[in-house]
Amino acid sequence: MVPGAAGWCCLVLWLPACVAAHGFRIHDYLYFQVLSPGDIRYIFTATPAKDFGGIFHTRYEQIHLVPAEPPEACGELSNGFFIQDQIALVERGGCSFLSKTRVVQEHGGRAVIISDDAVDNDSFYVEMIQDSTQRTADIPALFLLGRDGYMIRRSLEQHGLPWAIISIPVNVTSIPTFELLQPPWTFW
């Protein structure tokens, strides 16, 4: 985590070189922007899984972020049809991060964003690691702060929407630091 405004400048200056040379690595951040609903139209920060999952080879200008049903995504999804060719929003708990990623992949999802189940977590990123099963997953898996995941799901419920529309990944190096529209509940 990079605290404060000076930290953001360091992150913005460091990130392009790292991405250009190596792609996204452990502890790097990946950003996505919610485009709709408008009350959560912010740029969110996530971290890629450490040692499983794929990387984003494509930038999706508009793709659905579909909350999984059931939220923990440890088995069959009742809304799996809506996750096909989209990105699933999943909650931590009940099974391994890799198991959740594989469930979304089996339903045709392009990626999974796993939010912490601690809804008050607004600053601690969990390192998602391989479980002991020797299985693999091909789609990107990202970890999202619990507060962010909760606020996205809450907004969708309030608006009666089945999904958010997002852009992912977002290149924050092209956005002036003062214009980064981050969620107000996670300012450092």
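Residues numbered from 1 in each chain as written. Predicted model: local features only at pLDDT ≥ 70, side-chain atom pairs only at ≥ 80, totals over all residues. Heavy atoms only, no water.

(A) Main features of the state of the cysteines. For the coordinates displayed, the defined rule picks out 1 disulfide. The disulfide partner of C74 is C95, and the S-S distance across this bridge is 2.2 Å. In this structure, the disulfide formed by C74 and C95 twists by about -90° around the S-S bond and is classed as left-handed. Taken as a pair, C74 in the loop between strand 3 (60-67) and helix 2 (80-83) and C95 in the loop between strand 4 (87-91) and helix 3 (97-106) lie far apart in primary sequence, 21 residues in all. Given the relative accessible area of 25%, C95 is considered partly exposed. (Disulfide = S-S within 2.5 Å. Helix = DSSP H or I, 4+ residues; strand = E, 2+ residues; numbered from the N terminus. Buried < 20%, exposed > 50% of the residue type's maximum accessible area, 1.4 Å probe, protein only.)

(B) Quick look at the pattern of salt bridges. Under the counting rule described, the total for this entry stands at 7 salt bridges. For D85, the salt bridge goes to R110, with nearest N and O atoms at 3.8 Å. Placement of D85 in the loop between helix 2 and strand 4 and of R110 in the loop between helix 3 and strand 5 (111-115) is noted, with a sequence separation of 25 residues between them. Among the residues examined, R110 registers a relative accessible area of 35% and is labelled partly exposed. We note a salt bridge from E106 to R102, for which the minimum N-O separation is 3.8 Å. Note that E106 and R102 are positioned in helix 3 at a spacing of 4 residues, about one turn of the helix. Note on E106: relative accessible area 58%, which makes it exposed. Residue classification places R102 among the partly exposed residues on the basis of a relative accessible area of 23%. (Salt bridge = Lys/Arg side-chain N within 4 Å of Asp/Glu carboxyl O.)

(C) Seen up close, helix 3. For helix 3, a buried count of 7 out of 10 residues is recorded, marking the element as mostly surrounded by other parts of the structure. Residues of helix 3 that are buried include every one of F97, L98, S99, K100, T101, V103 and V104, and no others. Tucked inside the fold, the buried residues of helix 3 contact helix 2, strand 4, strand 5 and strand 6 (141-144). Immediately beyond the C-terminal end of helix 3, within one or two residues, lies G108, with a positive phi of roughly 85°. (Contact = heavy atoms within 4.5 Å.)

(D) Expanded view of the sheet that holds strand 7 (residues 164-168). Taken together, the 7 strands give a closed barrel; going around it, the order is 1-2-6-5-4-3-7, and neighbouring strands pair in mixed fashion. Strand-to-strand, the axes of this sheet are offset by a mean angle of 35°, without reference to chain direction. In this sheet, strand 6 lies alongside strand 2 (residues 43-48) in antiparallel orientation, the contact comprising 3 bridges. Paired with T47 across the two strands is F143, which belongs to strand 6. Where helix 3 meets the sheet, it contacts strand 4, strand 5 and strand 6, and its direction lies at approximately 140° from that of strand 5. (Pairing = 2+ DSSP bridges. Axes fitted to C-alpha atoms, helices over the stretch in contact; angles between N-to-C directions.)

(E) Broad picture of the nonpolar core. Counting residues in hydrophobic clusters, the biggest one holds 29 residues, and the most contacted among them are F52, I83, V90, F97, V104, V112 and M128. Of all the elements in the fold, those that place two or more residues in this core are strand 4, helix 3, strand 5 and strand 6. Considering each element in turn, this core owes the most residues, 4 residues, to helix 3. Residue contacts for I83: discarding those within four places in its chain leaves V66, A68, L77, A88, V104, H107, G108 and G109. V34, I40, Y42 and A46 belong to the second-largest nonpolar core, a separate cluster that totals 24 residues. (Core = buried A, V, L, I, M, F, W, Y, C linked by side-chain atoms within 4.5 Å.)

(F) Quick look at the packing of aromatic side chains. Across all of its chains, the model carries 9 aromatic pairs by this definition. Measuring from ring centre to ring centre gives 6.3 Å for F97 and F143, while their planes differ by 85°; the resulting arrangement is edge-to-face. Pair noted here: F97 is in helix 3 and F143 is in strand 6, with a separation of 46 residues, a long-range link. Put simply, the rings of F32, Y42, F44 and W185 pair up and form one aromatic cluster. (Phe/Tyr/Trp six-rings, centres within 6.5 Å; stacked < 30°, edge-to-face > 60°.)

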